[in-house]
Amino acid sequence: MSRARRHVLGACLGAFLLLLLYRYHRNNDAPKVTLNVEINPNYLWRKLPVRYPVAELHPLPVTLPQTLPKVQPADSEVSRLKIDRQTTRQSVVKEAFERCWKSYQSLAWGADELAPLSGGPKNKLGGWSATIIDNLDTLWIMGMHDEFKKAVAVVTDIKFENTQSPEINTHQVNIHLLGGLLAAFDLSADRKLLKKSIELGDMLYAAFDTPNRMPIIHWNVQKAARREEQLAEGSALDPEIGSFTLEFTRLSQITGDPKYYDAAQRVMELFDKQQDATKLAGMWPVSVNASEELLDDDFFTLGAEASSLYMSLPRAYALLGGQVPMYRKMYENATRTVAGYTLFRPMNPEGKDVLISGTVQVAMTENGNEQTHLEPQMQYQSCFAGGMFALGGALLNIPTHQETAHRLVDGCIWAHRVIPLGIMPEAFDVVPCASQKNCPWNEWHWKQEVWKKANSLEAEPNPNLNVDTFIKDHHLPKGFVGIPDTAYNLRSEAIESMFTLYRISGREDLLDAAWDMFQAMQSATQTKNGNAAIVAVTDEGSELTLKDSMDSIWMSQTLKYFYLMFSSPDLISLDEFVFNAGGHPLKRPEAS
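The structure presented is a predicted model; accordingly, all values stated were derived computationally and were not measured.

S.K.: So what exactly am I meant to see when it comes to the overall build of the protein chain here?
M.R.: Across its full length, the protein chain carries 23 helices and 18 strands. For a compact globule of 592 residues, the expected C-alpha radius of gyration is about 25 Å, and the protein chain comes in at 25 Å, within 12% of that figure. Seen along its three principal axes, the alpha-carbon backbone of the protein chain occupies a region of about 90 × 70 × 55 Å. When the 592 residues of the protein chain are sorted by exposure, 58% land in the buried category. The long-range fraction of contacts in the protein chain, counting pairs at least 24 apart against all pairs at least 6 apart in sequence, stands at 73%.

S.K.: I'm lost on the confidence of the model for the protein chain in this one. Help?
M.R.: Low pLDDT means the predicted coordinates in that region are not meant to be read closely. This prediction gives the protein chain a mean pLDDT of 90; 91% of its residues lie at or above 70. This stretch, residues 14-34, has a pLDDT under 50; its non-local contacts, to residues over four places away or in other chains, come to 16 contacts.

S.K.: Which parts of the structure should I look at to understand the nonpolar core?
M.R.: Proteins that are soluble and globular tend to have nonpolar side chains buried together. W45, M203, W219 and F428 are the most contacted members of the largest nonpolar core, which totals 186 residues. With 10 residues, helix 22 (residues 509-525) is the largest single contributor of residues to this core. The residues contacting M203, other than those within four sequence positions of it, are W45, W128, F160, I168, V173 and W219.

S.K.: Got a minute to help me understand the pattern of salt bridges in this structure?
M.R.: Pairing is possible between side chains of opposite charge, provided their charged atoms come close. All chains considered together, the criterion is met by 28 salt bridges. The residue D202 makes a salt bridge to K259 at a minimum N-O spacing of 3.0 Å. A residue pair is termed long-range when its members are at least 10 positions apart, and D202 in helix 9 (residues 191-206) and K259 in helix 13 (residues 259-274) qualify at 57 residues. Taking the relative accessible area as the measure of exposure, K259 reaches 17% and is therefore buried. A salt bridge links R345 to D353, with the nearest nitrogen and oxygen atoms 3.7 Å apart. With relative accessibility at 39%, the residue D353 sits in the partly exposed group. A cluster of three or more residues bridged by salt bridges with shared partners is formed by E443, K447, D468 and K478.

S.K.: How should I be thinking about the state of the cysteines in this particular structure?
M.R.: Here a disulfide denotes a covalent bond joining the sulfur atom of one cysteine to the sulfur atom of another. The final tally for this structure, using the stated rule, is 2 disulfides. Here C383 is linked by a disulfide to C412, with a sulfur-sulfur distance of 2.1 Å. Its S-S torsion of about -115 degrees marks the bond between C383 and C412 as left-handed, since a negative value means left-handed. With C383 in the loop between strand 12 (377-379) and helix 17 (384-395) and C412 in helix 18 (residues 399-417), this pair connects stretches of sequence that are 29 residues apart. Classification of C383 as buried rests on a relative accessible area of 2%. Overall, the relative accessible area of 6% leaves C412 in the buried class. Each sulfur in the disulfide pair C433 and C439 lies 1.9 Å from the other.

S.K.: Explain the packing of aromatic side chains here, please?
M.R.: For any pair of aromatic rings, the description consists of the separation of the ring centres together with the inter-plane angle of the planes. Applying the stated criterion across every chain yields a total of 24 aromatic pairs. With 6.0 Å between their ring centres and 75 degrees between their planes, W515 and F566 make a pair best called edge-to-face. Separated by 51 residues along the polypeptide, W515 in helix 22 and F566 in the loop between helix 23 (553-565) and strand 17 (577-579) bring together distant segments of the chain. There is no split in this pair, since W515 and F566 are both buried. One aromatic cluster is present, formed by Y205, F208, F244, F248 and Y260 through successive ring pairs. Its end group placed over the ring of Y205, K259 keeps NZ or CZ at 4.9 Å from the ring centre.

S.K.: What am I meant to see in the environment of Y317 here?
M.R.: Note that Y317 resides in helix 15 (residues 312-319). Spatially, the C-alpha atoms of Y317 and Y331 are 9.2 Å apart, while their sequence positions differ by 14 residues.

S.K.: I keep staring at the packing of helix 8 (residues 170-188) against helix 12 (residues 245-255) and nothing clicks. Help me out?
M.R.: In helix packing, the relevant descriptors are the interaxial angle and the interaxial distance, both defined with respect to the helix axes. Viewed as axis vectors pointing N to C, helix 8 and helix 12 meet at an angle of 35 degrees, and their least axial separation amounts to 10 Å. For helix 8 against helix 12, the interelement crossing comes out left-handed. On helix 12, the residues that touch N174, I175, L178, G179, L182, F185 and D186 of helix 8 are E247, F248, R250, L251 and I254. The class makeup of the residues in the contact of helix 8 with helix 12 is 7 nonpolar, 2 polar and 3 charged.

S.K.: It is not clear to me how the sheet that holds strand 12 should be interpreted in this structure. Could you clarify?
M.R.: Sheet strands associate in pairs through backbone hydrogen bonding, adopting either a parallel or an antiparallel arrangement. Read from one edge of the open sheet, 3 strands run 12-13-14, paired in antiparallel fashion. The open sheet is flanked by strand 12 and strand 14 (480-485), the only strands paired with a single partner. On average, each strand axis in the sheet is tilted by 25 degrees relative to the strand beside it, whichever way the strands run. Pairing of strand 13 (residues 427-430) with strand 14 involves 3 bridges; the strand directions are antiparallel. The residue of strand 14 that forms the bridge with D429 is G482.

S.K.: I'm lost on the side chain of T335 in this one. Help?
M.R.: As for its placement among the helices and strands, T335 is situated in helix 16 (residues 325-341). Taking relative accessible area as the criterion, T335 reaches 3% and is therefore assigned buried. The contact partners of T335, leaving out residues within four places of it in the chain, are M388, F389 and H401.

S.K.: Help me understand the packing of helix 12 against helix 13, please; the structure alone is not making it clear to me.
M.R.: Contact pair helix 12 / helix 13: the axes reach a minimum separation of 7 Å and the direction vectors enclose 150 degrees. Between helix 12 and helix 13, the interaxial angle falls into the category roughly antiparallel. The element helix 12 and its partner helix 13 pack so that their crossing is left-handed. Every residue of helix 13 that contacts helix 12 at T245, F248, T249, L251, S252 and T255 is listed here: K259, Y260, Y261, A263, A264 and M268. Along the lines of polarity and charge, the residues of the contact of helix 12 with helix 13 split into 7 nonpolar, 4 polar and 1 charged.

S.K.: Would you mind going over the sheet that holds strand 11 (residues 370-375) with me for this structure?
M.R.: With antiparallel pairing, the 3 strands of this open sheet are ordered in space as 7-10-11. Each end of this open sheet is capped by a strand with a single partner; those strands are strand 7 (299-301) and strand 11. Averaged over all neighbouring strand pairs, the angle between strand axes comes to 25 degrees, with direction disregarded. In this sheet, strand 11 lies alongside strand 10 (residues 359-364) in antiparallel orientation, the contact comprising 6 bridges. For M364, the partnering residue across the bridge sits in strand 11 and is E370.

S.K.: Explanation requested: the pairing of strand 10 in the structure shown.
M.R.: Sheet faces and side chains relate simply in a regular strand, where the side chains alternate between the two faces. By the bridge criterion, 3 bridges tie strand 7 to strand 10 in an arrangement that is antiparallel. Counterpart to T301 in the pairing with strand 10 is T359. Hairpin connection of strand 10 to strand 11: 5 residues between the antiparallel strands, including G368 at a positive phi of 85 degrees.

Conventions used here
Residues numbered from 1 in each chain as written. Predicted model: local features only at pLDDT ≥ 70, side-chain atom pairs only at ≥ 80, totals over all residues. Heavy atoms only, no water. Helix = DSSP H or I, 4+ residues; strand = E, 2+ residues; numbered from the N terminus. Rg over C-alpha atoms; globule rule 2.2 N^0.38 Å. Buried < 20%, exposed > 50% of the residue type's maximum accessible area, 1.4 Å probe, protein only. Contact = heavy atoms within 4.5 Å. pLDDT = per-residue confidence, 0-100. Core = buried A, V, L, I, M, F, W, Y, C linked by side-chain atoms within 4.5 Å. Salt bridge = Lys/Arg side-chain N within 4 Å of Asp/Glu carboxyl O. Disulfide = S-S within 2.5 Å. Phe/Tyr/Trp six-rings, centres within 6.5 Å; stacked < 30°, edge-to-face > 60°. Lys NZ or Arg CZ within 6 Å of the ring centre and 35° of its normal. Axes fitted to C-alpha atoms, helices over the stretch in contact; angles between N-to-C directions. Left-handed = near helix turned anticlockwise from the far one by under 90°. Nonpolar A, V, L, I, M, F, W, Y, C, P; charged D, E, K, R; others polar. Pairing = 2+ DSSP bridges. Parallel < 35°, antiparallel > 145°, perpendicular 65-115°, else oblique.

What follows is the structure, given as structure tokens:
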């Protein structure tokens, strides 16, 4: 070998060694986080003995993060010109929020919720001021900093070791309360909020202290405080046990303590391991046996609470900087099955080429073979899927997912518009098209399906059922076969997906569609003391009946997404934040 070649090889080897040293030092420096936060060592959930300690914690990824694709368009100036026309709409949304907030302040301050009709407080999430915690980040985002300071003062005094509810739902506490605290800290850098995040994180971490480290969802806090052993449930919803990933990962990233990330990661590794072994390979069943780690139920859907599990996959991939490929693989496998089995085109008189998501049941035939059956019922919570496909397609550079996202979002917009009230019900049945490419309207076929659905719900079918009368009496729009749940519970999934798709695609007609949706919701749900859920969206005028319920999600998610829909694109950019299932923006580390 010539001297010149030896010099070149030596230089390359030297550069390679320097790169290794750089990566080594960067990796070893990454987990070291200095926090000026004083945590009381005698705090109940910090001093509680661990029954089932972990032998070796999963470390937070410390390799160099991947350069993920930009999600929002680079040409922000064009986007701002579009947004400038929406400032009036944004102000109206903020006024709706302020009105609800003032009612809550005067009638239910410190309670979990306000009952908007009776004008009193309600507690259903531990009595830990859920509406306040859930809306900390909303107050900050809307520039209500004086109200934010007052809210933080209340939160600082909350003692999570004390609760009015003997049993809490750890899934709900995690996505709404821990997610709210972390998002508010990420936005404000207020150390008091970090302290409360750690306290609540330690409490939720105690719910993972089971023999197989699976979390207890319906957790008796008082028994835990008395150090009584509890086990993971034999029957739980899969999204509930798999919903801790984003919050626990972010808490570990901020504190440098890997125990939270480890707890959530163990659960997700179980889902990863069994993803291709379920009865519908690629998806996870609605119900799971957390105690036995069995995922062998028959029903698969994006509805119910399943949204929090599936939506977390691309978001976890982004939050971890692409350093845990497992989440990309899980997302791609899940969406492949979703597209093949649960998504379908509904027959409609307008001939709209839209998609909605149903439920699949897997049953055994007499020959011992598995057979899938699609239940063409759409649930409001399934509307999250459009945003999931939009974000996943952008992050992972999958163009077909963007196409799917547009059709899914359009499906939810269609479902809102065909109801005279302008609001989609919690659940409705439709006629699935035989082909996604060609689906002409057939009124006779639609009425036949209405007749069959109506008779399937009766103990004794009525062969003489007058379909036209049934359609009129049940206020069925053309295309709807039935509406098993006529309510609207102030949910956000439709506007969440519209916001996500708009930020990614810049599709301008979504702005007007969102404004129409907001006006319909505000007009139908506004009360003297805030906004209330609807009993039946099929009723109109004087017949419209409201529930005495204003879940904190109305302000913390629905109104927040409407506000962001009409905001400048640099306000909570999707390249800097990921939203958890509770609508709380968590900062991606590279943006910290």
